[in-house]
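# Results of the structural survey
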Amino acid sequence: MIDSLFIVLESSLVSRWVRGEFDAATMVFPVVISLHAIGMGFLAGIACMINLRILGIAPAVPLARLAAFLPVAWLALFINLVSGLLLLIGYPTKALTNPVFYIKLLCIGVALWCLFWIRRNLLLNTSAVVTAYARRLAVIATILWTTAIVTGRLLAYTYSQLTSI
Amino acid sequence: MIDALTRWLESTWFSNWFLDNGQWTWPLAESLHFIGLTMLIGSIGLIDLRILGLGKGIRIVDVHALVKFTVAGFVLNLVTGSMFLTGQPDQYFLNRAFHFKLVFLALAGLNVLAFYGTTFRRLKQLGPHDEAPLAARLMAGLSLVCWIGVICAGRLLTFYRP
């Protein structure tokens, strides 16, 4: 049942386009993973720098002013949602049959929730006080982004089946 | 000369050890390489974007305190990158994408030298709402372009293996 879904997906034009099966589009996959790496750097990078500021690094930077960099992080998030979705359409069997992929998604989901919490309660709140809870969240989010990066990298090594067709 | 260097690197104990244990050494070094990439882009990104005019209200010298993470990320990636190079030198020395990566790295390095040699002294005196001079903004833009170029060339390595 799931297998036939993988086969339908992998036979689709978009999937074959991502895998570079058309002569005019052999660079699609390299371009998509390059975009995914750039988005990773800016999204996880900016999020972790905000976390480090919460933890006391670069204390002279006013926390609320860091909100100005969030649009760059959201752009990076958008790039990675699109590029990630394309990679998933290209290789659904590879990702969805690998438990590591779900760990990666869970890490990103919770790390994003932490970033939204930090945005609402610390960056957009002019009378914000960095509580012990906020510091704990900053530590957890940094660990989650790191785990998302590592599990993402490990997807190239831990998959059991590349395609179903 | 490249041939001799390749053969010498391949003969080192580290190259053999790194390849013999490639099942875990390669994924581990790659994971660290991507963590270093994120540390570098996150920190230099905020510094460059502030110089370019985003995040007014932060003194440039204050956000520049993050540069230690740029240096740390760069050193981490220099070390892990050297591991890949020592492990499979022929895969890099003859690789078109690797040549581009070196060019972007060299450009980024020259840009850093120019930045600290010229405009940084003035940037340090700017207040939280001041605009950076044009030269500084050009260097910040070039910095972002170079590091994004380094990432792209690095990601393309796999597809240009000789």
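Now for a look at the structure at hand.

Thresholds, definitions, all that
Numbering of residues begins from 1 in every chain and follows the order in which that chain's sequence is written. The order in which chains are written sets their letters, starting at A; the order in which ligands are written sets their numbers, starting at 1. Only residues with pLDDT of at least 70 are given local features in this predicted model, and only at 80 or more are side-chain atom pairs given and counted; all residues enter the totals for whole chains, interfaces and linings. Hydrogens and waters are ignored; side-chain quantities use all the structure's heavy atoms. For Phe, Tyr and Trp, where Trp contributes only its six-membered ring, two rings pair if their centres lie within 6.5 Å, and the inter-plane angle classes them as stacked under 30 degrees, edge-to-face over 60, or tilted in between. The way it works is that DSSP assigns letters per residue, a run of H or I at least four long becomes a helix, a run of E at least two long becomes a strand, and they are numbered from the N terminus. Three labels apply to residues, based on accessible area from a 1.4 Å probe with only protein chains included: buried if under 20% of the type maximum, exposed if over 50%, partly exposed otherwise in between. By nonpolar core is meant a set of buried Ala, Val, Leu, Ile, Met, Phe, Trp, Tyr and Cys residues that side-chain atoms within 4.5 Å join together. Residue contacts are defined here by distance: any two heavy atoms, one from each residue, within 4.5 Å place the two residues in contact. For every element, the axis is a line fit to its C-alpha atoms; helices are fit only across the contacting stretch, and the angle between N-to-C directions ranges from 0 to 180 degrees. Oblique is the label for any angle not covered by the other classes, which are roughly parallel (under 35 degrees), roughly antiparallel (over 145) and roughly perpendicular (65 to 115). Two helices that cross are described as forming a left-handed crossing if the nearer one is turned anticlockwise from the farther one by less than a right angle, and a right-handed crossing if clockwise. Under the scheme applied, nonpolar residues are Ala, Val, Leu, Ile, Met, Phe, Trp, Tyr, Cys and Pro; charged residues are Asp, Glu, Lys and Arg; polar residues are all the others, including Gly. Here, a salt bridge means any Lys or Arg side-chain nitrogen found within 4 Å of an Asp or Glu carboxyl oxygen.

Here the focus is the packing of aromatic side chains. Residues and elements named next belong to chain A. For the coordinates displayed, the defined rule picks out 17 aromatic pairs over all chains. Relative to Tyr-91, the ring of Phe-29 lies with its centre 5.7 Å away and its plane at 75 degrees, an arrangement referred to as edge-to-face. Here Phe-29, found in helix 3 (residues 28-54), pairs with Tyr-91, found in the loop between helix 4 (70-90) and helix 5 (92-96); they are 62 residues apart in sequence, far enough to count as distant. Side by side, Phe-29 and Tyr-91 carry an identical accessibility label, which is buried.

A few words now on the nonpolar core. With 71 residues, the main nonpolar core has Ile-50 and Leu-66 of chain A together with Ile-51 and Leu-123 of chain B as its most contacted residues. Residue contacts for Ile-50 of chain A: discarding those within four places in its chain leaves Leu-66, Leu-70, Leu-115, Ile-118 and Leu-123 of chain A. Counting residues in each nonpolar core, the second largest holds ten residues, with Ala-29, Phe-98, Leu-156 and Leu-157 of chain B among its members.

Examined against the element boundaries, Gly-42 of chain B turns out to sit in helix 3 (residues 22-51). According to the relative accessible area criterion, Gly-42 of chain B is buried, its value standing at 0%. Put simply, Gly-42 of chain B and Thr-70 of chain B are 28 residues apart on the chain and 8.0 Å apart in space, counted from C-alpha to C-alpha. Those residues within four positions of Gly-42 of chain B in sequence are excluded, and the remaining contacts are Gly-41, Gly-45, Ile-46 and Met-49 of chain A.

The next subject is the packing of helix 3 of chain A against helix 9 (residues 134-156) of chain B. In the contact formed by helix 3 of chain A and helix 9 of chain B, the axes pass within 9 Å of each other and the chain directions differ by 135 degrees. As judged from the angle between their axes, helix 3 of chain A and helix 9 of chain B are oblique. The handedness of the crossing between helix 3 of chain A and helix 9 of chain B comes out as right-handed. The segment helix 3 of chain A lies against helix 9 of chain B, with Pro-30, Ile-33, Ser-34, Ala-37, Ile-38 and Phe-42 of chain A engaging Leu-144, Ile-148, Ile-151, Cys-152, Arg-155 and Leu-156 of chain B. Residue composition of the contact of helix 3 of chain A with helix 9 of chain B, grouped by class: ten nonpolar, one polar and one charged.

It is worth spelling out the side chain of Lys-101 of chain B at this point. Relative to the elements of secondary structure, Lys-101 of chain B occurs in helix 7 (residues 96-117). Setting aside chain neighbours within four positions, we find Lys-101 of chain B in contact with His-33, Val-150, Ala-153 and Gly-154 of chain B.

A word on the pattern of salt bridges. All chains considered together, the criterion is met by six salt bridges over all chains. Its salt-bridge partner being Glu-21 of chain A, residue Arg-19 of chain A comes within 3.0 Å of it at the nearest N-O pair. Judged by its relative accessible area of 43%, Glu-21 of chain A falls in the partly exposed class. A salt bridge links Asp-62 of chain B to Arg-59 of chain B, with the nearest nitrogen and oxygen atoms 3.8 Å apart. Overall, the relative accessible area of 14% leaves Asp-62 of chain B in the buried class. Judged by its relative accessible area of 33%, Arg-59 of chain B falls in the partly exposed class. Through salt bridges with shared partners, a single network forms among Arg-16, Arg-19 and Glu-21 of chain A.

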